[in-house]
Amino acid sequence: MFLKGKTALVTGSTSGIGLAVATAFAAEGANVMLNGFGDAAEIEKTRRGIEDAHKVRVGYNGADLTKPDQIESLMKECVDEFGAVDILVNNAGVQHVAPVDEFPVEKWDLIIALNLTAAFHTTRLALPDMKKKGWGRVINTASAHSLVASPNKSAYVAAKHGIAGFTKTVALETATSGITVNCISPGYVWTPLAENQIPDTMKARNLTREHVMNDVLLAAQPTKKFVTVDQVAALAVFLCKDEASSITGANLSMDGGWTAQ
Ligand code: NAD
């Protein structure tokens, strides 16, 4: 329970990696602010489930993180409800798969706004209080695609390379403030995001579902296993420990060997 008394905001935590990270922080005693889209009743069930299981306070704010004014309201609600954001996990993200000359302009704008620009807004708004306290953690969910590319993912790869650079810059700016800023770069993790891109990839490459799973998704991942959300969450928890206080500006791969190739 080393996070008792701390508050974590995990964006995109109604599903997948974000939900696992938020739950893992709650298990260590942190109060948590959930964010993301989904069915209101399901989200309330999730919120209450985490609260009951871990005896912490769990809030929910459904801000659309492509909208800077909604990010401002989300950050304000965290401060009003919990006092501050001690741990910020920029995790919300979406994907779209298409060749660049056919890439829908609105999808490009959405991916850059959500996967990159939202982290700028949450970070700029969270840092002043972290600096005052002399303690803070910013953890960005990047991707193996922050280090290498794949065809048909121009917006996603651009945004993820961008978040990796943003992470390094903010780490340098906060290096003497008791704040660490890192990204975790998973390979393929079994979540709705991974599952949902199968139909588009089938269409873009004219492949069967089985081929997409084994020859496209896991083709680059030497372990031939999906990363699990709990593995990502465990690394996020470790980054909050005192033992991790010298890890800053790092891009931590958890990709089954993908980017070692
Ligand atoms: P997911 O689809 O399960 O979860 C995405 C979350 O973002 C959901 O809670 C969703 O409601 C939320 N979201 C979507 N649009 C939003 C918006 N406009 N405003 C606020 N929230 C919004 O996906 P996931 O796989 O858990 O992905 C989480 C992060 O991990 C993303 O940044 C993704 O790029 C990254 N990632 C995923 C994988 C993978 O294989 N699944 C690999 C590497 C990196």
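Provided above is the structure to which this section pertains.
Got a sec to walk through the pattern of salt bridges? Specific residues and values, please.
For the structure on display, the rule yields 9 salt bridges. Between Glu-44 and Arg-47 there is a salt bridge, with the nearest N and O atoms lying 2.9 Å from each other. Here the residue Glu-44 and the residue Arg-47 both occupy positions in helix H2 (residues 40–54), the gap between them amounting to 3 residues, near one helical turn. By relative accessible area, Glu-44 is classed as partly exposed at 31%. For the salt bridge of Glu-44 with Arg-48, the shortest nitrogen-to-oxygen distance reads 3.6 Å. Pair noted here: Glu-44 and Arg-48 are both in helix H2, with a separation of 4 residues, about one helical turn. Since its relative accessible area comes to 47%, Arg-48 is described here as partly exposed. Put simply, Glu-44, Arg-47, Arg-48 and Glu-51 are held in one network by salt bridges that share partners.

Give me the site of the ligand: which residues, what numbers.
The full set close to the ligand counts 30 residues, and Ser-15, Asn-91, Tyr-156, Val-189 and Thr-191 are the nearest of them. At 2.8 Å from an oxygen atom of the ligand is found a main-chain nitrogen or oxygen belonging to Phe-37. Interatomic distance of 3.0 Å between a side-chain N/O atom of Asp-64 and a nitrogen atom of the ligand. When the ligand sits alone it has 830 Å² of accessible area, and the protein chains cover 93% of it. Listing elements by their share of the shell around the ligand, those giving two or more residues are helix H1 (16–27), helix H5 (154–173) and helix H6 (192–205). For the shell around the ligand, the residue count by class is 14 nonpolar, 14 polar and 2 charged.

Break down the state of the cysteines for me, with residues and values.
Under the defined criterion, the tally for this structure stands at 0 disulfides. Here Cys-183 is not cross-linked by a disulfide; its sulfur's nearest cysteine counterpart is in Cys-240, at 15 Å. Overall, Cys-183 belongs to the buried group, its relative accessible area being 1%. Owing to a relative accessible area of 2%, Cys-240 belongs among the buried residues under this scheme.

Run through the sheet that holds strand E7 (residues 251–254), naming residues and quoting values.
The sheet built from 7 strands is open, its strands ordered E3-E2-E1-E4-E5-E6-E7 with parallel pairing. At either end of the open sheet lies a strand with only one pairing partner, and these are strand E3 (58–61) and E7. Sheet twist, expressed as the average angle between the axes of neighbouring strands with direction ignored, equals 20 degrees. Examined bridge by bridge, strand E2 (residues 31–35) and E3 share 4 bridges and lie parallel to one another.

Cut-offs used in this document
Residues numbered from 1 in each chain as written. Predicted model: local features only at pLDDT ≥ 70, side-chain atom pairs only at ≥ 80, totals over all residues. Heavy atoms only, no water. Salt bridge = Lys/Arg side-chain N within 4 Å of Asp/Glu carboxyl O. Helix = DSSP H or I, 4+ residues; strand = E, 2+ residues; numbered from the N terminus. Buried < 20%, exposed > 50% of the residue type's maximum accessible area, 1.4 Å probe, protein only. Near = heavy atom within 4 Å. Polar contact = N/O pair within 3.5 Å; in protein donor to acceptor, adjacent residues only side chain to side chain. Areas by Shrake-Rupley, 256 points an atom, 1.4 Å probe, with all protein chains shown as cover. Nonpolar A, V, L, I, M, F, W, Y, C, P; charged D, E, K, R; others polar. Disulfide = S-S within 2.5 Å. Pairing = 2+ DSSP bridges. Axes fitted to C-alpha atoms, helices over the stretch in contact; angles between N-to-C directions.

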